[in-house]
Amino acid sequence: MRERDIITQRLGISRRDFMKFCSATAVAMGLDASFAPQIAQAITAARRPPVIWLHGQECTGCTETLLRPSHPTLDHLILDLISLDYHETLCAGGGHQAEQVMHQSIKENEGKFILVIEGAVPVKDGGVYCQVGGKPFVDTVREIGPKAAAVIAIGSCASWGGIQAAAPNPTGATGVPAILKEQTVVTIPGCPPNAQNFLSTVIYFLTFNKLPALDSKNRPLFAYGRLIHENCERRPHFDAGRFAGAFGDAGHRLGYCLFKLGCKGPVTHANCPIQLFCEVGSGAWPVGTGHPCFGCTEEGVGFNTPLFTQAKITIPTPAATPPPITTEQESQVTPLATTLTGAAVGVAVGAAMMAGKKATSEDEE
Amino acid sequence: MSLSRRDVLKGAACTGLVLASGVNAQARDKTLPPAALGILYDATLCIGCQACMSGCKRANKLEPDPSGNESLWDNPTELSTKSLTVIKQYRQNETEDKAQTVKSGFIKRQCMHCVDPACVSACPVSAMQKDPATGIVTYNKKACIGCRYCQIACPYNVPTFEFDKPFPQIVKCQLCDHLLAKGDIAACCQVCPTGASLYGPVELLKEEAKRRLALPEGQVALFPANDIRTGRTVSHTTAEYQQHIYGEKELGGTQVLLLSSLPFAKLGLQDLPEESYAGVSENIQHTLYKGMILPMALLAGLLYFVKRNER
Amino acid sequence: MSPKSAPLSSRIFTWQFAFFLLIACCATFFIVKRFIFGIGSVANMNNGYPFGIWIALDVVVGTALGCGGYAMALLVYVANRGQYHPLVRPALMASAFGYSLAGLSVVFDIGRYWQMYNMFLPQYMNLNSVMLEVGLCIATYTTVLWIEFAPTFLERFGLKAPLKTLSKMLFIFIALGVLLPTMHQSSMGTLMIIAGYKLSPLWQTTWLPLLFLFSALCMGYAIVIFEGVLSQTGFKRPSEAPMLAKISRVMNWCLGLFIGLRFFDLFTRDAFGLAFTGTTQANLFLLENGLLLAAFILLLSPALCKKPAIHFLGGCFVLAGSGLFRFNTYITGFDPLTGHTYFPAASEITITLGIVAIEIMAYLIFVKTLPVLPSIGKEPHKI
C-alpha cells in the first residue's frame, strides 16, 4: 500500500492536510519546515510507540484539552499515531482487566514506551490520599517511571503539584520530577497546558528519538522560552502606560494592558500569546479575553501569588514615552537636616556672641 | 631691615597680575585626532523608540534603571551609572510660542567625546584618557580615586558616580570601544532603525552633517544608517534643520555631533563658547606652575626673608 | 623654640568636652556606615552636585580656617613683625588640626579611597589637573605644619638634641609653610574655573585664584583674632587685645583688597546686576558681601579696632562672609542646570559637625597638655 493510502486510511485526512499539519508542528517546535517529511515519516511509522497515561490528583482537564484540537482531530492522533495502551479516562475496559493490559504492555515494551503522567503525586502518610487499584499512586509512579523511554508530566499538577500543592497542601502533593529524581521528566505545565505543546514534544521525541531542549525547570524551550509579557498582544499598551484599572472600566473595554489587575504575564514563561487555544481564532487565550494571566505555567506564581497581586517586572525596558528634557529632582531638605543646620549655626553665633560680650565686659573692667 | 607693609602688598599685587595675565598666556593645541570616531545624532530622524538605550544596556551589560517612575519601565530621567545614553523628549507646553512649527523633538544624551575634554584635564590621576588615535574618552578604574572632579568639570554633565556602592566607580559612555576590537560599532548606532544615530569617522560625519543642512526641506533624500562607511542608506523626508551643528565648535568641538530642527537650548543643550573651560583653567595653572619656576622663585625669596627675620 | 609658652593646667574632661565627644561618636557611626554602604547611604551628593559639604565646608572652608598659621608666618617671618610671635604657636596648632581633619574628610569623601596613593605615583599624575596640585600641596603642607609644630612636642618631652637640629632647619619649613598655602589656597579658586557656566557669574571668574588667596589670608587673621579672644575669655587669660587689634588692621587691608578686586571684577564682567534678582544665589551673594563690607567698615577706624568687641565682631564677620564666599563658590553658586538639587542629609551634616567636634576636643587637649599658649607666669584659673 502506498504511503498516501495509509495516511488516508488511518488518519482519515488527505495527504496535503497531513503534510500541512507536519509543517505546522515543525514550526511550533521551532524547527525548519523542511523537517516536515521527517516528522511525517515518524508519525506514519508502522510500529506505533506505546503510551501509558497515568492519572494522579487531577481534574482531567489536561486530557480534556487534548481532545479539543481538530486539525487533525487529536483522537485520531492518539488512537492512530500512538498506541495508547492505558488511559484511565479513555479505557473501554475497567478494573482488573485494564490493570492487566497496562502491566502487560509495560512488560512487553520495557524501555520503549512513553509514560505520560497527569496530576500531582501525594506523598504524605505513605501516599494514601491517591490510590488506584488499591495501590498508592506514588508507588505506581516509582515502579513504572524507570521502565519508560521518556516521562512527560502534563499539566501544572504533574509538573510541580499545581493547585493541590498550594498551601497548606494537606496531602503532600508533589510534582513528578520530585518523585522520579533519577531521570529527566519533561514538564508541560499549564492549567490546562496547550495541547500543541504536548503534541509537539511527543512528536519531537518520535522524530529525533531524543527530548527537545529544556529549560531549568525541564520545560521545552520552544514553548516556554519566553515570557508571556514579551509576546503579549497588549504590550504596546503597557509600554505607553495605558492600563485597565478595574474590570469593566474604560481602559478595560478599550483593551488596555491588564498589568494593574494582577496580570502575571511579566513573570510567566509560556507561548500562550502566540499559540493561542482551541483553534478558534484570535484572542482565544486569557489575556485576549480581558482576563489577566494568572501564571499557571510558572511554579510559585500560579495558585501561589494571589490573583490580583501585581507582578514584579524583572527586566524593565524603556517605556514608549521618553522622559522630558529636564526632570526636577525631589527636594532633599528634611526637617532633621534643617534643624541640625539651624542648631549648628545658632550655637556658633551664640557662642561667638557670648564670647564677644565677655571680652567687652572684661575690657571695660 | 624689615619689609614694610607696602612691600608685602606690592608683592601680592604682582602675584595677582601674573595670575591674571595667565588667562591669555598660551594657546593650547587641541585638534581632532587623525582617526577620530564619533556619532552624528540627527534628532529629525529620531522616532524615540529608545532601541539605542536597550542596545547600549546589552552591549555594556548594564542593569535596568527604573528611576523616576513606578519601576515598570527602564526609564532613566538622566544619564546614570546604569544608563550611558538616554533619549529625552521635548514637548511644547502651553505657555510657549504657539507659532513654533516644531512641537516636539527628541535628543540623545551621552558622552560627547570632546576634542578638548574637561574631564581629562581635570582628573588628577589620569583616569580619564583621550585615545590619541580614535579620540574616544575612556575611564580607567585602576587609576581613579573617586574625587568626582570630572563631574564638576564636564560641561555636559556626563560622568556619573556610583554613590550607592561601597566600592564605587565613575561610569560613562566609552563609545563601545570594547566592541571596536571585534570590528563592531557602537551598539546604539548598530541598533538604530532610522539612522538617527550614525557612527563613523568624525570628518565624514561632519561632511554628512553639512550635506544635510544644505538639503531643501520636504524632499525625499537618502540618509546613511548605522555606520557611514558601509553605504547602507534609509530614505526619509528631510526636515527643516537649525543651521547649526552642535558640537562642531562648542568648547573646542566634540566627536558626537548633533542636528535638530528645534533650537538646541530647548533640548537642554547650553549655548557654549568656542574656548574650552579646560583651556582657561589649564592656562592659569600652566602660567603659574610652568616648570615650577614661579613657585621656586617665590620659595627662594621666602627662604631669604625667613632666614633673615628668624630669631 | 619659644620658652614663653606653657601648658594650661586645667581639667581636660569637662561637660563641654563630653558634648563634643557625643557629636564625634555620632559622626563615627555614620562614617562607618559610609564605608559599608557607600557615600549615598549617608550623604545627599548626587550626579548634579558631586561636591557636597564635606568638600565645601570641611576642606575648602576648613583649610581657610586653618590659614592662621600661614597668615601669622607671613606677618612674623616675612614682614618681620616679631612682636606677634606669641600668637604663632596657637595659630600653627589650629592650622595643623584644620588641615589634618580636612585631609581626614577627604578620605571618606573620596570614592575610591584605597587608591588615594595614586596621586603620589608619577605614572598617574596629570600635571594639567588643578585637583592634583591642590591634593599634593595640601598633603605636603599638612606634613610641614606638623614639623613646624614639632618643637612644641619636643619641648614638652624635653628632647633637647632633636629640638636643636630642628631649630636650625626650621626656617626651610617656615618658608615652605608660606609658599604651599599660597599655592593651594589660590588653586582652590582655580579648581572651580573649569566648571564654566555651571558656576553662577556672580562667582565664576578667572580672578578666582587671587580671590581665594585673599580670602584665605583674611580668614587666617580672622581666626587668630577669634581664637585669641575665645581663649582669653574661655581660659581666663590676660587680654591680648592690643596685639589682636593690630592684627585686625592687617586683616582689614587684605579684606579691602579682596572686596576691591571682587567688585572690580563683577563690574567689569557686567555681572553685578544678577545680585538683585532675588534668587537664593543672589541673596546669598548679598549676605556674603554684606558681612564682608560690614567687617571692613567696622575695622576702618584704628581707634575702634582697639576695642575687643569690635575686632572680635569684625573677625566673626570676616569668618562668616569669607567662609560663605567659599561655600557659595562650591555649592550654592553651583547649578548644573539639570534639575538636580542638593541639601545635605542629617547624617552628612553630623559627620561635618563631628569633624569640628574632634578639632575642638584636640585643641582643648593640646593646650592643656602642651606648651602652646603664651606663658603668663602664674597658675591660671581652673575652668
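What counts, and where the lines are drawn
- Residues numbered from 1 in each chain as written.
- Chains lettered and ligands numbered in written order.
- Predicted model: local features only at pLDDT ≥ 70, side-chain atom pairs only at ≥ 80, totals over all residues.
- Heavy atoms only, no water.
- Helix = DSSP H or I, 4+ residues; strand = E, 2+ residues; numbered from the N terminus.
- Buried < 20%, exposed > 50% of the residue type's maximum accessible area, 1.4 Å probe, protein only.
- Contact = heavy atoms within 4.5 Å.
- Areas by Shrake-Rupley, 256 points an atom, 1.4 Å probe, with all protein chains shown as cover.
- Domains from an automatic or database assignment.
- Buried area = accessible area lost by both parts, 1.4 Å probe.
- Salt bridge = Lys/Arg side-chain N within 4 Å of Asp/Glu carboxyl O.
- Pairing = 2+ DSSP bridges.
- Axes fitted to C-alpha atoms, helices over the stretch in contact; angles between N-to-C directions.
- Lys, Arg positive; Asp, Glu negative; His and termini not counted.
- Polar contact = N/O pair within 3.5 Å; in protein donor to acceptor, adjacent residues only side chain to side chain.
- Nonpolar A, V, L, I, M, F, W, Y, C, P; charged D, E, K, R; others polar.
- Arc of directions from axis to C-beta.
- Patch = residues over 30% accessible without salt bridge, like charges linked within 9 Å, V, L, I, M, F, W, Y side chains within 5 Å.

Overview of the overall build of chain A
Here comes step 1: Looking only at helices and strands, chain A has 16 helices and 9 strands in total.
Here comes step 2: By the burial criterion, 48% of the 365 residues in chain A qualify as buried.
Here comes step 3: Expressed as a percentage of contacts within chain A between residues at least 6 apart in sequence, the contacts between residues at least 24 apart total 73%.
Here comes step 4: Here chain A has roughly 17400 Å² of accessible surface; of this, 56% comes from carbon and sulfur atoms.

Remarks on the overall build of chain B
Here comes step 1: Looking only at helices and strands, chain B features 9 helices and 11 strands.
Here comes step 2: Here chain B holds 311 residues, and the buried ones make up 57% of them.
Here comes step 3: Considering only contacts within chain B whose residues lie at least 6 apart along the sequence, 60% involve residues at least 24 apart.
Here comes step 4: A total of about 13000 Å² of accessible surface is found on chain B, and carbon and sulfur atoms cover 56% of it.

Remarks on the domain arrangement of chain A
Residue and element names in this part refer to chain A.
Here comes step 1: Partitioning chain A into structural domains gives domain 1 (3-224) and domain 2 (226-321).
Here comes step 2: Contacts between the two partners involve 23 residues from domain 1, matched on the other side by 17 residues from domain 2.
Here comes step 3: The contact between domain 1 and domain 2 buries some 1600 Å² in all, and 53% of this surface belongs to carbon and sulfur atoms.
Here comes step 4: The interface formed by domain 1 and domain 2 includes 2 salt bridges.

Points about the interface of chain C and chain B
Interfaces are often described in size by the accessible area the parts lose on coming together.
Here comes step 1: In this assembly, 75 residues from chain C lie in contact with 69 residues from chain B.
Here comes step 2: Buried surface at the junction of chain C and chain B, both sides included, amounts to about 6200 Å², of which 63% is carbon and sulfur.
Here comes step 3: Looking only at chain C, the three residues that lose the most surface to chain B are C:Asn47, C:Arg112 and C:Ile194, adding up to 13% of its buried area.
Here comes step 4: Close ionic contact of B:Arg148 with C:Asp109 constitutes a salt bridge, the shortest N to O distance being 2.9 Å.

Focus on the sheet that holds strand β2 (residues 83-87) of chain A
Residues and elements named next belong to chain A.
Here comes step 1: Taking strand neighbours across the sheet as the criterion, the 5 strands line up as β2-β1-β3-β7-β9 in an open arrangement whose pairing is parallel. Every other strand in the sheet has two partners, leaving β2 and β9 (185-188) as the edge strands with one partner each. Put simply, the sheet's adjacent strands are angled 20° from each other on average, direction ignored.
Here comes step 2: Sheet analysis places strand β1 (residues 50-55) next to strand β3 (residues 114-118), joined by 5 bridges and oriented parallel. Bridge assignment links His55 to a residue of β3, and that residue is Glu118.

Describing unusual backbone geometry
Here comes step 1: Residue A:Pro168 is reached from A:Ala167 by a cis peptide bond, and omega for that bond is 5°.
Here comes step 2: With respect to the helices and strands, the residue A:Pro168 is situated in the loop between α8 (155-160) and β8 (173-174).
Here comes step 3: Of note in this structure, B:Lys61 is not a glycine but carries a positive phi near 50°.
Here comes step 4: Phi at B:Asn226 takes a positive value of approximately 60°, unusual for a residue other than glycine.
Here comes step 5: In this structure, B:Asn226 sits in the loop between β9 (220-224) and β10 (233-237).
Here comes step 6: By relative accessible area, B:Asn226 is classed as buried at 10%.

Some remarks on the sheet that holds strand β11 (residues 256-259) of chain B
Residue and element names in this part refer to chain B.
Here comes step 1: Pairing in this open sheet of 3 strands is mixed, and the strands run β8-β1-β11 from one edge to the other. Edge positions in the sheet fall to β8 (197-201) and β11, since each has one partner strand and no second. When the angles between neighbouring strand axes are averaged without regard to direction, this sheet yields 20°.
Here comes step 2: As paired elements, strand β1 (residues 37-42) and β8 share 5 bridges and run antiparallel to each other.

Remarks on the side chain of C:Lys198
Here comes step 1: Within the fold, C:Lys198 resides in the loop between α6 (160-190) and α7 (208-234).
Here comes step 2: It is C:Asp335 that comes nearest to the buried, bridge-free C:Lys198 among opposite-charge side chains, at 9.4 Å.
Here comes step 3: Of the polar contacts made by the side chain of C:Lys198, one reaches the side chain of B:Asn157; its length is 3.0 Å.
Here comes step 4: When sequence neighbours within four positions are dropped, the list of residues in contact with C:Lys198 reads B:Gln151, B:Ile152, B:Ala153, B:Cys154, B:Pro155, B:Asn157, C:Gly333, C:Phe334, C:Asp335 and C:Pro336.

As for the environment of C:Gly354
All names here are of chain C.
Here comes step 1: Within the secondary structure, Gly354 is located in helix α12 (residues 346-369).
Here comes step 2: In this structure Gly354 comes out as buried when scored by relative accessible area, which is 0%.
Here comes step 3: The spacing of Gly354 and Val32 is 322 residues in sequence and 13 Å in space, taken between C-alpha atoms.
Here comes step 4: Residues in contact with Gly354, not counting those within four places in the same chain, are Ile23, Ala24 and Ala27.

Remarks on the packing of helix α3 (residues 68-78) of chain C against helix α4 (residues 88-109) of chain C
Residue and element names in this part refer to chain C.
Here comes step 1: Relative to each other, α3 and α4 sit at 145°, their axes nearing to 7 Å. Within the contact between the two elements, α3 uses Gly68, Gly69, Tyr70, Met72 and Val76 and α4 uses Val88, Ala91, Leu92 and Ser95.
Here comes step 2: Here the contact of α3 with α4 is composed, by residue class, of 6 nonpolar, 3 polar and no charged.

Considerations on the domain arrangement of chain B
Here comes step 1: Domain parsing of chain B yields domain 1 (5-28 + 279-309) and domain 2 (37-275).
Here comes step 2: Once you take the C-alpha centre of each, domain 1 of chain B and domain 2 of chain B turn out to be 41 Å apart.

Quick notes on helix α7 (residues 137-144) of chain A
Here comes step 1: Those residues of α7(A) not exposed but buried are A:Phe137, A:Val138, A:Thr140, A:Val141 and A:Ile144. Buried residues in α7(A), looked at end-on, bunch into an arc of 160°, giving them a common side.

A look at the interface of chain C and chain A
Here comes step 1: In this complex, chain C contributes 23 residues to the contact, which on the side of chain A involves 22 residues.
Here comes step 2: Interface area, chain C with chain A, both sides summed: about 1700 Å², of which 65% is carbon and sulfur.
Here comes step 3: Sorting the residues of chain C by area buried against chain A places C:Thr233, C:Gly339 and C:Phe343 first, and these three jointly supply 28% of that buried surface.
Here comes step 4: Counting the contacts that link chain C with chain A gives 4 residue pairs in polar contact (both at pLDDT 80 or more).
Here comes step 5: Every element with two or more residues in the side of chain C that touches chain A is listed here: α7, α11 (308-332) and α12 of chain C.
Here comes step 6: By residue number, the principal contributor to the side of chain C that touches chain A is α7(C), which donates 5 residues.

Some details on a nonpolar patch on the surface
Here comes step 1: Taken together, the side chains of A:Phe247, A:Leu307 and A:Phe308 present a nonpolar region at the surface, about 290 Å² in accessible area.
Here comes step 2: Examined against the element boundaries, A:Phe308 turns out to sit in the loop between α15 (272-275) and α16 (335-364).

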